[in-house]
Amino acid sequence: MKGTDVINQTKKWLLMGTAAAMLAGSFYVPIAAAHGERSQAAFLRMRTIHWYDLKWSKDTVEIGQNYTLSGKFHTFSEWPEAVDLPRVSFLNIGQPGPVFIRTGSYINDIFVPRSVGLELGGDYSFLVELKARRVGNWHVHAMMNIQGGGPLIGPGKWVTITGNEANFKDEITTLTGRTLDLEDTGMSKVIGWHGFWYLIGIGWIFYWARRPLFLVRHMKMEDGVPDNELFTATDTKAATALLVGTLVVIMYGFQSTESEFPITIPLQSGLLQDIKPLPPRYGKDPITAKITTAGYRVPGRTIKFKVEVTNHTDKVMSIGEFDTGGVRFLNPNVIVDDTGYPEELLAPEGLEVSQQDIAPGETVIVEVVGTDAAWEVQRLSDVIYDPDSRFGGLLFFVDPEGRKIPVEVGSPLIPSFA
Ligand SMILES: [Cu+2]
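If you're wondering where the values come from, they're calculated on a predicted model, not measured in any experiment. (Residues numbered from 1 in each chain as written. Predicted model: local features only at pLDDT ≥ 70, side-chain atom pairs only at ≥ 80, totals over all residues. Heavy atoms only, no water.)

> Just checking my understanding: could you explain the layout of surface pockets for this structure?
Reported here for the largest pocket is a volume of approximately 690 Å³. In terms of lining residues, the largest pocket is bounded by 28 residues, among which Asp123, Pro280, Arg281, Ile405 and Pro406 are the most central. Sorting the residues of the lining of the largest pocket by element identifies strand E1 (49–56), strand E3 (66–75), strand E14 (287–297) and strand E23 (404–412) as the ones contributing at least two each. With five residues, E23 is the single largest residue contributor to the lining of the largest pocket. Classifying every residue of the lining of the largest pocket gives twelve nonpolar, seven polar and nine charged. Counting contributing residues, the lining of the largest pocket receives three or more from each of domain 1 (37–176) and domain 3 (287–417). (1 Å grid on protein atoms, 1.4 Å probe; cavity = no way out; pocket = protein on both sides within 12 Å on 5 of 7 lines; lining within 4 Å. Points joined across faces, edges and corners; volume = space filled by probe spheres on them. Helix = DSSP H or I, 4+ residues; strand = E, 2+ residues; numbered from the N terminus. Nonpolar A, V, L, I, M, F, W, Y, C, P; charged D, E, K, R; others polar. Domains from an automatic or database assignment.)

The structure is reproduced here in structure tokens:
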């Protein structure tokens, strides 16, 4: 009696458990909010490429419509050892497969379909032209791939694509004057030729497999049955026919393809060139900024540093923003974001400075404090796990006309536990 009770109880709980798990499973819809960048070492993200002035052209696009992601990036001078120098770099887009196709990409207005070399400590502008291809809600990142270093993922923003995917066309006109839709160009030929040769192969095996394959033939060979009983005259004819037929079809295929496409070129490849950074606004080193101490609290959401700033220009410069690892800490008195920067990376009132305006010629030590949940959510606080506790970022000074001047800062970053 007791035993049946226990079994019944167990069955009941198992049933309830399974039902609960299934219910939970059907209601749980995971939302991937970051796409790889958060798990990358914080010091790498802070000391490689700094993306800024990013503009995602719109929030919603229709299938086939154009979309652009543009902005600037700065290559950090104290490039970490763990990443090869960006001598072979490729401007990419971080997205889940070709939900957009890339119709053009430019660094400093140079068309960059291939890899390029970048200099450290420089600022570059970039523009990527995209065309919407798959319906859905996509998180699109700026991204640089470095040979010998891997992907350096910039900030990502959600974009919605609507419309009818069947209408998507990727039309190009070749130098021979043909207009092609790259979505299906050559597909029928690829399928046709692969299917044809596959059938020939199957047919040849089938020709032999009609007769007993293994044991019988093996025993006949063991018994010393003459060859012509294993390979008949018909077999020899069939083999010859196949051999000659194959060669003829190859020659025919070569000739017909050659006459249909008389002008072809090899794959265009090779490192494009080294691209020089943009000429700096206000000349070289208009403002120097040297960090004297820097730290962050563990656990915590704050990074703070003291920086010695000298304003070499003849204008008052105001500290407006500090950027690191894609997170923007803004001083709301100076900069208000109007670009629709991703909310999870934006701290609109996250920056406090002990002195905001720096007079021409003035040298001053400023205490800068950046505070936001993003420091923790983007796992920049995880620099505590990194083998190189150093950080880097861009401090933005704003001139009276509202133009931003990025100044690179970086130093060791010391945790405090009190
Ligand atoms: Cu993403």
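There is more to say after this.
> Sorry if this is basic, but what is going on with the packing of aromatic side chains here?
Each aromatic ring pair is summarised here by two numbers: the centre-to-centre distance and the angle between the ring planes. Within the structure shown, the criterion is met by 19 aromatic pairs. Considering the side-chain rings of Trp208 and Phe231, the 5.8 Å spacing of their centres and the 70° angle between planes classify their relative orientation as edge-to-face. Pair noted here: Trp208 is in helix H3 (residues 187–209) and Phe231 is in the loop between helix H5 (227–230) and helix H6 (233–260), with a separation of 23 residues, a long-range link. Since its relative accessible area comes to 19%, Trp208 is described here as buried. Residue Phe231 is classed as partly exposed on the basis of its relative accessible area of 45%. (Phe/Tyr/Trp six-rings, centres within 6.5 Å; stacked < 30°, edge-to-face > 60°. Buried < 20%, exposed > 50% of the residue type's maximum accessible area, 1.4 Å probe, protein only.)

> Mind showing me how you'd approach the sheet that holds strand E10 (residues 150–162) here?
Strands pair in a sheet through their backbones, by hydrogen bonds, and they do so in one of two ways: parallel or antiparallel. Ordered by their spatial adjacency, four strands build an open sheet running E2-E10-E9-E4, and the pairing between neighbours is mixed. A strand with exactly one partner marks an edge of an open sheet, and here the two such strands are strand E2 (60–62) and strand E4 (89–94). For this sheet, the mean angle separating the axes of adjacent strands, direction not counted, is 35°. Of the strand pairs in this sheet, E4 and strand E9 (residues 136–146) are connected by six bridges, and their pairing is antiparallel. Across the sheet, Asn92 pairs through a bridge with Met143, a residue of E9. (Pairing = 2+ DSSP bridges. Axes fitted to C-alpha atoms, helices over the stretch in contact; angles between N-to-C directions.)

> Sorry if this is basic, but what is going on with the environment of Thr176 here?
One can find Thr176 in the loop between strand E11 (171–173) and strand E12 (179–181). You can call Thr176 partly exposed: its relative accessible area is 47%. Taking the C-alpha atoms as reference, Thr176 lies 9.3 Å from Phe261; in sequence the two are 85 residues apart. In this structure the side chain of Thr176 is engaged in a polar contact, spanning 2.7 Å, whose partner is the side chain of Thr174. (Polar contact = N/O pair within 3.5 Å; in protein donor to acceptor, adjacent residues only side chain to side chain.)

By themselves these figures say nothing about function.
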